[in-house]
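Now for the letters of each chain:
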Amino acid sequence: MLDIATEILPSALPLPSARPRRLRSSSLRRLVRENTVTVDDLIYPLFVVEGNGVERAIEPMPGQFQRSVDRLGAELERVATARIPGVLLFGLPTSKDEIGSGAWNASGPVPRAIANIKRETPGIAVIADVCLCEYTSHGHCGVFEQERGTVANDETLSLLARAAVAYADAGADIVAPSAMMDGQVGAIRAALDDAGHGEVAIMAYSAKYASAFYGPFRVAAESTPQSGDRRAYQMDAPNAREALREVALDVEEGADIVMVKPAGAYLDIIRAVREIVDLPVAAYQVSGEYAMLKAAAEHGWLDERRAVMESVMGIKRAGADMIITYYANEIAAWLKADA
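Cut-offs applied
- Residues numbered from 1 in each chain as written.
- Predicted model: local features only at pLDDT ≥ 70, side-chain atom pairs only at ≥ 80, totals over all residues.
- Heavy atoms only, no water.
- Core = buried A, V, L, I, M, F, W, Y, C linked by side-chain atoms within 4.5 Å.
- Buried < 20%, exposed > 50% of the residue type's maximum accessible area, 1.4 Å probe, protein only.
- Helix = DSSP H or I, 4+ residues; strand = E, 2+ residues; numbered from the N terminus.
- Salt bridge = Lys/Arg side-chain N within 4 Å of Asp/Glu carboxyl O.

Caption draft 1: Up close: the nonpolar core. Counting residues in hydrophobic clusters, the biggest one holds 111 residues, and the most contacted among them are F47, L89, Y167 and M203. Element by element, the count of residues in this core is highest for helix α4 (residues 153-170), at ten residues.

Next up, the structure:
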């Protein structure tokens, strides 16, 4: 056989002695793999509404639903069977007001869902998102000052703390403040401790960016602001050093887990956060990331399974210990099939 390499390469250029391809054969790839996504990394978000018998498809998020508490059973059984360790709850009330008082209503959808999950599927860790945007008539994450067009930070803290205590009272394992108010972690930690919930952990949305990738979520949670936007309190996309400051402040205030949101466009932030903290780091693969993958797959433009697994591997490789994703059930099934 003609030695093509000898024919083409000048004699002065030796053939490579370092050959990384040796370790890429099908029989060796798993042995040398540096990172692995497992089902233990996954957290599955759920949207819970008031009422009974409700299971409403979320149009921009195929496969996702708004469900009333009585319709959660089958989905929770699916989560438990897949051994997904945790769920993240978002609540949608029937009525809203200026201060989002439904957020701390003990009979609201989230406290009822928490109690139901802990009773029916106690092995699942329950994380309750703590924000007011789903509960306020104006759609902002706290007390909205119309004349200034922004949220009043300090007046919002006590309301967030009140909601967190309500979720802890219902049995939440973790509360997750996402309003991006300065001092929210400290206020919630103090309120939890005062209420006798010293064992309830805080997952802080520490580096939450003002992102275009939240669009489908705002449909799912019915939380689009009626005026203005959230850029006055969520982080500006060009800023990286600011994220590290936000994380450091939340750690100082008592956060047990810190989060970067979104994940896909902020892998550099996940890596930078991983390098400065020894706490668990969470990353949220948000609704827009999910919707894009779903749309491309439905058009046949992507191999859905491979694209999803590659995207979550990127999040894990960047340094995330846990991944919040709407694909959790599918990922669990794919991992089981590969086992």
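Still more ground to cover, so stick around.
Caption draft 2: Layout of the pattern of salt bridges. By the definition in use, this model includes 14 salt bridges. Between D321 and R274 there is a salt bridge, with its nearest N and O atoms 2.5 Å apart. Remark: R274 occurs in helix α8 (residues 267-276) and D321 occurs in the loop between α10 (304-318) and β12 (322-325); sequence separation between them is 47 residues. Judged by relative accessible area, D321 falls into the partly exposed class, the value being 34%. Here D338 ties to R305 by a salt bridge, and the two come within 2.5 Å at their closest N and O atoms. In this pair, D338 is assigned in helix α11 (residues 328-338) and R305 in helix α10, connecting sequence segments 33 residues apart. Look at R305 and you get partly exposed, because its relative accessible area is 30%. Among the charged side chains, a network of salt bridges with common partners joins E55, R67, R71, E75 and R78.

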